[in-house]
Amino acid sequence: MQQNSYHFVVDYKVDLLGITETWLHMEGSDMAIGELCPNGYRLLHTPRLTGRGGGVGLLYKQGIGFKSKTRLCEHSFTSFECMDVTFVARKSLRVIVVYRPPGENETESALSLKNVTVVEQFISYHKAVCFNLSLRKPVNERSTVVSRKLKGFDFDAFNEMIISTGLSDGGVSHCIELLAKKYDVLLCKALDKLAPKRTRTIVIRPNAPWYNEEIATQKRKRRRLERKWRSTSLEIDRVNYLEQCNVVNAMLYKTKEQRYSTVIQDNALDSKLLFRTVDKLLQRNTDLRYPSANSDQELANAFADFFSAKIVRIRDELLVRKEQLGELLMKDF
């Protein structure tokens, strides 16, 4: 289900995707959620609290302003599962995802929607119902990236600039704080001159690094078979289309598996890259955030106090254990 939903969102440029029978849990579903979410998307979900299976979710593009889960989530229903979400951008949009398990007393209902299309791609054992809303399409999320061009960095010039600053002279200050500040200022100036910072804004788009031309070819074949089936409505064309869906899904799964297996094998000693890969798979937020403080000095002092207290606590624990060990040795004698 995760693979199918991921590529369905990318192929059809879906902004909102309601999912039933997510089979996700309250905890321990990070891997499954990571596979569901392309770049720039997030998933909200409400798991089934008792038993197995079930659950509903809403995959949305981050450009849509998520506000909150609302009233229906506070109630417990026995005949169906649901989640109620409100998005706020230029207009307020309330989305309710409902899953009613199959039963004996099923009733048909009609949706008053336009441009409805039913897509058969085996998403969570269900068909996908696509439709358009008269809302402004959300923009892709943007991110600001700061970098330096260190390729071809002139280390000789950097060494000369360090020597010219006088940092290597014997007459430097013995005050650690002043010395650290001086090093920071002078080295940053030298680095800014040789490799100045570059700030650029990038658009975060859904991407799949394992995607290749063979997959693209099979996808084009799938779309061609889909168009043929919709134009003829023949059962044989429908079967051909669904068989091609299976071919594409199997190829996507295998290619993605090979991609990440290769990354892990080739970078077994690069723990930083491995952790970054895991964070990407699990959709973890990697933004660095410091605790709130009124000033940088207050924040630095808070860090220092924390580690000082930690060292004192460890020393006290070691002294207690040393005394206990001494008492045990005395008893043995």
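Source: prediction; values computed, not measured.

Caption draft 1: Structural context of the pattern of salt bridges. Tallied over the full model, the rule gives nine salt bridges. With its nearest N and O atoms 2.7 Å apart, the salt bridge here joins R48 to E81. Here E81 lies in strand β5 (residues 81–88) and R48 lies in the loop between β2 (41–46) and β3 (56–61), a separation of 33 residues in the sequence. Look at E81 and you get buried, because its relative accessible area is 15%. The partner of R238 in a salt bridge is E235, with the nearest N and O atoms 3.4 Å apart. Here R238 pairs with E235, and both are found in helix α6 (residues 235–266), just three residues apart, close to one helical turn. Three or more residues joined by partner-sharing salt bridges are found here, namely R223, E226 and R230.

Caption draft 2: Geometry of the pairing of β3. Among the six residues of β3, six are classified as buried, and the element is accordingly described as predominantly covered. The two faces of β3 match: V56, L58 and Y60 on one face and G57, L59 and K61 on the other face are all buried. Pairing of strand β1 (residues 16–20) with β3, which is carried by five bridges, proceeds in the antiparallel orientation. Bridging across to β3, I19 finds its partner in G57.

Caption draft 3: Looking closely at the pairing of β5. Burial analysis of β5 places seven of its eight residues in the buried class, the great majority of the element. The pairing of β5 with strand β6 (residues 92–99) spans eight bridges and is antiparallel. Residue V88 lies in a different strand from β6, and its bridge partner there is S92.

Caption draft 4: Structural detail: the sheet that holds β3. Spatially, the three strands line up as an open sheet ordered β1-β3-β2, and their pairing is antiparallel. Each edge of the sheet is formed by a strand with only one pairing partner; in this case those strands are β1 and β2. The mean inter-strand angle of the sheet, taken between neighbouring strand axes irrespective of direction, is 15°.

Caption draft 5: Structural view of unusual backbone geometry. Of note in this structure, W23 is not a glycine but carries a positive phi near 60°. Considering the arrangement of structural elements, one finds W23 in the loop between β1 and α2 (30–36). Given a relative accessible area of 42%, W23 falls into the partly exposed group. We note that S233 has phi near 60°; this positive angle belongs to a residue other than glycine. Within the secondary structure, S233 is located in the loop between α5 (213–232) and α6.

Caption draft 6: Representation of the nonpolar core within the structure. By size, the foremost hydrophobic cluster in this structure holds 21 residues, and its most contacted members are F8, L17, L43, L59 and Y241. When contributions to this core are tallied by element, the ones reaching two or more residues are α1 (2–12), β1, α2, β2, β8 (126–130), α5 and α6. If we skip the residues at most four places from it in the chain, L59 touches V9, D15, L16, L17, L36, C37, P38, Y41, R42 and L43. Membership of the second largest hydrophobic core comes to 12 residues, among which are I64, F87, V95 and Y99.

Caption draft 7: Here's a closer look at helix α7 (residues 271–281). T277, D279 and L281 are the residues of α7 that are buried. Where the residues of α7 are buried, they touch α2 and α6.

Caption draft 8: Looking closely at the packing of helix α3 (residues 155–164) against helix α4 (residues 176–194). Where α3 contacts α4, the two axes come as close as 10 Å, and the packing angle between them is 145°. Two packed elements cross with a definite hand, and for α3 against α4 that hand is right-handed. Mapping the contact onto sequence places A157, F158, M161 and I162 in α3 and L187, A190, L191, K193 and L194 in α4.

Caption draft 9: Inspection of the packing of aromatic side chains at higher detail. Scanning the model with the defined rule gives four aromatic pairs in all. With a centroid separation of 5.0 Å and 75° between ring planes, the pair formed by F153 and F155 is classed as edge-to-face. Given a relative accessible area of 12%, F153 falls into the buried group. Here the aromatic rings of F153 and F158 are separated by 5.5 Å at their centres, their planes lie at 65°, and the arrangement is edge-to-face.

Cut-off values and rules
- Residues numbered from 1 in each chain as written.
- Predicted model: local features only at pLDDT ≥ 70, side-chain atom pairs only at ≥ 80, totals over all residues.
- Heavy atoms only, no water.
- Salt bridge = Lys/Arg side-chain N within 4 Å of Asp/Glu carboxyl O.
- Helix = DSSP H or I, 4+ residues; strand = E, 2+ residues; numbered from the N terminus.
- Buried < 20%, exposed > 50% of the residue type's maximum accessible area, 1.4 Å probe, protein only.
- Pairing = 2+ DSSP bridges.
- Axes fitted to C-alpha atoms, helices over the stretch in contact; angles between N-to-C directions.
- Core = buried A, V, L, I, M, F, W, Y, C linked by side-chain atoms within 4.5 Å.
- Contact = heavy atoms within 4.5 Å.
- Left-handed = near helix turned anticlockwise from the far one by under 90°.
- Phe/Tyr/Trp six-rings, centres within 6.5 Å; stacked < 30°, edge-to-face > 60°.

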